[in-house]
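Coordinates in review
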Amino acid sequence: MKSYLLITAVVSLSVCFSVGLFNYVIDPYAIYHYKGAGPEKISRIDQFSYMRITKPWRVRQASPKEVVIGTSRTARVSPKTVWDKKNSYNLSVPGMTVYEMSRFIEHANANEHLNKLMIGLDFEAFISPVPRVQSGFKERRLARTTDDLTMSRYVWQIGVDAAETLLSLPSLALSLSAVFGTAIVPRLYYNDGTWKSNVTQLKARGAFVYVGKTTVFDRRNESMEMDINFEILANTLRFAHTQGIETRLFVTPEHIFMIDLWERLGFGGLWREFHRRLVAVNNAVAIEIGADPFPIFVFNAESGVVDEPIYMAKNAGKSWFEDGAHFRKRLGDKIMEAAWTDRDAFGARLDDHSVEAYLVDVEKIRHDFLASNAELTATLRRAISPDLE
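The sections below set out a description of the structure shown in this document.

Calculation criteria
- Residues numbered from 1 in each chain as written.
- Predicted model: local features only at pLDDT ≥ 70, side-chain atom pairs only at ≥ 80, totals over all residues.
- Heavy atoms only, no water.
- 1 Å grid on protein atoms, 1.4 Å probe; cavity = no way out; pocket = protein on both sides within 12 Å on 5 of 7 lines; lining within 4 Å.
- Points joined across faces, edges and corners; volume = space filled by probe spheres on them.
- Helix = DSSP H or I, 4+ residues; strand = E, 2+ residues; numbered from the N terminus.
- Nonpolar A, V, L, I, M, F, W, Y, C, P; charged D, E, K, R; others polar.
- Core = buried A, V, L, I, M, F, W, Y, C linked by side-chain atoms within 4.5 Å.
- Buried < 20%, exposed > 50% of the residue type's maximum accessible area, 1.4 Å probe, protein only.
- Pairing = 2+ DSSP bridges.

Glancing now at the layout of surface pockets. Taken as a whole, the largest pocket holds about 1200 Å³ of empty space. It is helix 8 (residues 204-216) that provides the largest number of residues to the lining of the largest pocket, a total of 5 residues. Tallied by class, the residues present in the lining of the largest pocket amount to 17 nonpolar, 12 polar and 11 charged. Here the second largest pocket defines a volume of roughly 180 Å³. Taken together, 13 residues line the second largest pocket, and the ones lying closest to its centre are Tyr34, Ala62, Lys85, Lys86 and Asn191. Here the lining of the second largest pocket is composed, by residue class, of 4 nonpolar, 4 polar and 5 charged.

Moving on, we get to the nonpolar core. Of all hydrophobic cores here, the largest spans 96 residues; its most connected members are Ile69, Met118 and Leu121. If you look at the next biggest cluster of nonpolar residues, it comprises 11 residues, including Ile26, Tyr29, Ile31 and Ile53.

What follows covers the pairing of strand 1 (residues 66-69). Burial along strand 1 is two-sided: the face carrying Glu66 and Val68 and the face carrying Val67 and Ile69 are both buried. Both strand 1 and strand 2 (residues 88-90) contribute to a ladder of 3 bridges, which runs parallel. Bridge pairing links Glu66 to Ser88 in strand 2. The sheet contact formed by strand 1 and strand 3 (residues 116-121) spans 4 bridges and is parallel. Along strand 3, the bridge assignment pairs Val67 with Leu117.

Given below as structure tokens:
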């Protein structure tokens, strides 16, 4: 009996060791051999659902001093456009909540003091009172201070994550998919933390309908309020001020068709109030700290960009936006340059002197676009829902 138990234990340990070693070598999550990994390696599996575990790991390895952060919309803003390629990283995560963003910023700063921070803010993220965090988020995975990196709860979570990524059957399945190239990967992932869609089935006008429905119309009956998320943002701004992090904020631009959908659903006033409160909160925190407000950049009054034609599929490559909400890298590059260089007079600075004029400019663009594209926009709205007509 003893020999049977011993053999069983040895075999079990051998299997676990073999699986762990295989997963470590293949590294489907691109967290154990991240440095120097190219997009072809990172993109062997679809990383989209795993970023709340993988990006904190990558931050520990890369120790960036300059970070861009936001939701999947901000994922097309490459820090390497302007910043040091070796010391910068895009920490954006799909569907990132305002609270998650605050914790990821603290974690990055705990690993390596941040010199620069670029925060992308989505209107949609601010009006969502729940959930505070998304599936896959773990508090213990994220440090608040340098001392937390040696705390038992943090070290324990590293062990838990290692077991999950090395010894689990789902991880083994991902490794096999990476080896044999059987995974369906609709996105291309880069080692600076950015990614882009590779999906060809959903683009151009069809993508506008899909995103208009899922991002805007399907939320028409939700309870929308911004108080909690603005409180969290205020704490994040205080943190950046007190840590001496050079910080820029920007509101992620949307195609004017999407803003019109918000207006038609009765949330246009909330959209405008979001911009006013952003300015007010930024100013209030600066006064409290005794510092200048952080610069806020906005781009939804950029004619020729946010009111570009809604192309048919064959011409979709010309567009600034992939689907009305997610912009392409070339717009992300211009946003980065506008915030951190003097190369191009693109976009606008938002403050208490300019906010009302900016909102008027956006409304004029909306009015002009609808007047020039009445038939097309009506067709797209009917495709989203007859209730919009």
